[in-house]
Amino acid sequence: MRAGKFLLPIAVIAVVGVLSSVFIVDEREKALVLQFGQIKSVKEEPGLAFKIPLLQEVVFYDDRILSLDTEVVEVTPSDDRRLVVDAFARYRISDVVQFRQAVGGGGMLGAEKRLSDILNPTIRRVLGSDGVTSNTILSADRSALMARITQQARQRALPLGLEVVDVRLKQTNLPEQNLDATFARMRAEREREAADEIARGEEAAQRVRALADRTVVELTSDATREADIVRGQADAERNAIFASAFGADPEFFEFYRSLTAYERALKGSNSTMVLSPDSEFFNYLRSDQGVRSEEGESR
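Everything quoted here is computed from the prediction, not taken from an experiment.

Draft legend 1. Molecular detail of the sheet that holds strand S2 (residues 29-35). Strand order in the open sheet formed by 3 strands is S3-S2-S5, and the pairing between neighbours is antiparallel. The strands lining the two open edges of the sheet, one partner per strand, are strand S3 (38-43) and strand S5 (56-62). Mean inter-strand twist for the sheet, computed between neighbouring axes without regard to direction, equals 30°. Inspection of the sheet shows S2 paired to S3 by 5 bridges, in the antiparallel sense. Its bridge partner being in S3, Ala-31 is matched across the sheet by Lys-43.

What follows is the structure, given as structure tokens:
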């Protein structure tokens, strides 16, 4: 009975000791076994691992590709046009032992601070180098600049046990104090282009209007000339008919012309004429004219 009382605590202590000596390494992690702050072993393969209880401790580090948003930095390219650049980096812990020795107990926060201290000067140095203008940064050529930033940052991050996978520029803007001036310049350029377009439109409209006016004058002149020709031909034909009729029967022609003159002269309800009774205009209105005509015919 007394032996049973001692065996139970011993068994519990043994179980606790065994459990505290076992740890699991996830496939997304790396682990360091530390003894009094010194690295005793590195566990990079996933699965079960062992340590000495109470004497050793395990520190886990993320083995995945991580991302870091850098601080917004202001750069001055070679054309002295300042830009505000916002970038981010992707990195991973390539050497966990070197990483532990470099950052100590600072962990990931300390590593990200030291990585930011590498990235920001590198971005300023590359984007402010000779031959790099603001147009280069804002164009498709920026991919080559990002490759240069990545390469230089990777070399400087190696002593930290970090591998910089990629550095990307998220946003590239003008400083706040330059935006108003830039917008004003853009507005002035657009207004100038609009004025040029309006002037070209007015010039084209004047050309079209002048061409239309000239066409109207030409068409009117041609139509008037054609009308005068037709009118002249009609007058000539009419005169020819009159002449032919006059030659065939002069007296009838004279009678017809007199009737036409009477119709035109006496047209209207208020027509008044003051003529001598023996005027030739009334020859065919006298009764004796008809008698003389009949006598002439009988003779």
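Draft legend 2. Up close: the confidence of the model for the protein. Across the protein, pLDDT averages 79, with 79% of residues at or above 70. Note on residues 289-299: pLDDT under 50 across the span, and 3 contacts to partners over four residues away in sequence or across chains.

Draft legend 3. Examining helix H3 (residues 107-127) more closely. Compared with the 30 Å implied by 1.5 Å per residue over 21 residues, the 30 Å span of H3 between its first and last C-alpha is a close match. For H3, the set of buried residues is Gly-107, Ala-111, Leu-115, Ser-116, Ile-118, Leu-119, Asn-120, Thr-122, Ile-123, Val-126 and Leu-127.

Draft legend 4. Structural context of the nonpolar core. Leu-115, Leu-127 and Leu-162 are the most contacted members of the largest nonpolar core, which has 37 residues in total. The element that contributes the greatest number of residues to this core is H3, accounting for 7 residues. Ignoring sequence-local partners within four residues, the contact set of Leu-115 consists of Leu-68, Tyr-91, Ala-157, Leu-162 and Val-164.

Draft legend 5. Just the pattern of salt bridges, in detail. Going through the model one piece at a time under the given rule, you end up with 19 salt bridges. Across the salt bridge formed by Glu-163 and Arg-92, the nearest N and O atoms sit 3.3 Å from each other. Here Glu-163 is found in strand S9 (residues 162-173), whereas its partner Arg-92 is found in strand S8 (residues 83-93), with 71 residues between them in sequence. A residue is classified by how much of its surface remains accessible, and Glu-163, at 29% relative accessible area, is partly exposed.

So, how was this worked out
- Residues numbered from 1 in each chain as written.
- Predicted model: local features only at pLDDT ≥ 70, side-chain atom pairs only at ≥ 80, totals over all residues.
- Heavy atoms only, no water.
- Pairing = 2+ DSSP bridges.
- Helix = DSSP H or I, 4+ residues; strand = E, 2+ residues; numbered from the N terminus.
- Axes fitted to C-alpha atoms, helices over the stretch in contact; angles between N-to-C directions.
- pLDDT = per-residue confidence, 0-100.
- Contact = heavy atoms within 4.5 Å.
- Expected span 1.5 Å × (residues − 1).
- Buried < 20%, exposed > 50% of the residue type's maximum accessible area, 1.4 Å probe, protein only.
- Core = buried A, V, L, I, M, F, W, Y, C linked by side-chain atoms within 4.5 Å.
- Salt bridge = Lys/Arg side-chain N within 4 Å of Asp/Glu carboxyl O.

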